[in-house]
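Understanding the architecture of this molecule
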Amino acid sequence: HEELMWRMISMGAKLPINNVMKGNLTNNGKDKIAKFLTELRESERFLISSDTNGIAGFKSIVDEVSPDIVFHDYFKAMADDAMGAKAGDPRVYVEKVVDQIVEFISCTARKKVPCFFVGHANRKGEGSKGRSGSEHAWSDHITRRVDAAIRVDSNETMTALIVNTSRFLKEGMGITIDGDLCTNFGKFISNGYDWVNDKDSNDSKKDYRKSNSDRLSGGIDLSSFRRT
């Protein structure tokens, strides 16, 4: 809850996250935060749940709230709850939970709810640089059931969104957005993500941003979609 709120406040008020967390704020900054929190509360658009009762808890929250969209961080926890103290291969529980999630959110008896589930990559992912569905930790069954698997790769200033595998999108396509938490986060920088391949080299990431400066004023500002 606390970490999510720090980020929400910083992004909503367009203030540096370190200043928000440390309370280094001017009166104008405090006013921006108060305004943002008031608007957020009155909108009733955002709910953070810390339910830890596995897939059953997940289903009950979605049914109770009836949200327009769900973000879950991270689904492996539901598999851990299902496994408990049992001995066995964790992948079996991961695959079972993934199937249960897909069946639940796509049930024809309910409104289909778009869901984004967060996981992490295995070591193989470092070699593929986001271009392989096999990099998803615990089971490649995940990529067989979801509509799209998207890798998120970032440094201090940029974030790349890369399509690992998808039913509707071209695999390997991706974009780079501003990754500066939290004042400019989400602003479109460029198509592509060449800098990811050079992340561990001596190439300057600032040079990459400069070479694409002509695109900074155009493209898509993803932050504008936060209300939909």
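You'll find the structure just up there.
In short, a report on the structure. On a predicted model such as this, the values are computed, not experimentally measured, just so you know. (Residues numbered from 1 in each chain as written. Predicted model: local features only at pLDDT ≥ 70, side-chain atom pairs only at ≥ 80, totals over all residues. Heavy atoms only, no water.)

Some words on the overall build of the chain
Note the threshold: Only DSSP runs of H or I with at least four residues qualify as helices, and only runs of E with at least two residues qualify as strands; both kinds are numbered from the N terminus onward. When accessible area is computed with a 1.4 Å probe and restricted to protein chains, residues below 20% of their type maximum are described as buried, those above 50% as exposed, and intermediate ones as partly exposed.
In terms of helices and strands, the chain carries 10 helices and six strands. Per-residue burial over the chain gives 32% buried out of 228 residues.

Re the pattern of salt bridges
As a reminder, the rule being used: Counted as salt bridges are all cases of a side-chain nitrogen of Lys or Arg within 4 Å of a carboxyl oxygen of Asp or Glu.
Taken as a whole and assessed by the stated rule, the structure comprises six salt bridges. For D80, the salt bridge goes to K76, with nearest N and O atoms at 2.4 Å. A residue pair is termed a helical-turn pair when its members lie 3 or 4 positions apart in one helix, as D80 and K76 do in helix α5 (residues 76–83) at four residues. With a shortest N-O distance of 2.8 Å, R91 and D89 are connected by a salt bridge.

Observations regarding the side chain of T159
Just so we agree on the cut-off: The contact definition used throughout considers only heavy atoms, calling two residues in contact when any of these lie within 4.5 Å.
By secondary structure assignment, the location of T159 is in strand β4 (residues 158–166). Overall, T159 belongs to the buried group, its relative accessible area being 7%. If we skip the residues at most four places from it in the chain, T159 touches V152, D153, S154, I175, T176, I177, D178, G179, F185 and W195.

What to know about unusual backbone geometry
At K14, a residue that is not glycine, the phi angle is positive and equals roughly 55°. Relative to the elements of secondary structure, K14 occurs in the loop between α1 (2–13) and α2 (17–22). Given a relative accessible area of 35%, K14 falls into the partly exposed group. Even without being a glycine, E44 presents a positive backbone phi close to 55°. Residue classification places E44 among the exposed residues on the basis of a relative accessible area of 72%.

Some points on the nonpolar core
What counts, and what does not: Residues belong to one nonpolar core when they are buried, are Ala, Val, Leu, Ile, Met, Phe, Trp, Tyr or Cys, and are joined through side-chain atoms within 4.5 Å.
Judged by nonpolar contacts, the single largest core of 18 residues is most densely connected at F58, F75, M78, V94, V98 and I101. Residue assignment for this core shows that the elements contributing at least two residues are α4 (54–65), α5 and α6 (90–105). Listed in part, the seven residues of the second largest apolar core include M158, I162, I189 and V196.

Some remarks on the packing of aromatic side chains
Rules: Pairing of aromatic rings covers Phe, Tyr and Trp, the last through its six-membered ring, and needs centres within 6.5 Å; plane angles under 30 degrees mean stacked, over 60 mean edge-to-face, and all others mean tilted.
A full pass over the atoms with the stated rule returns three aromatic pairs. Judged by centre distance (5.2 Å) and plane angle (15°), the ring pair of F71 and F116 falls under stacked. With F71 in strand β1 (residues 70–73) and F116 in strand β2 (residues 115–118), this residue pair connects regions lying 45 residues apart in the sequence. Assessed through its relative accessible area of 60%, F71 is described here as exposed. Put simply, the rings of F58, F104 and F117 touch in pairs and so form one group of aromatic residues.

All we've got here are geometric facts, nothing functional implied.
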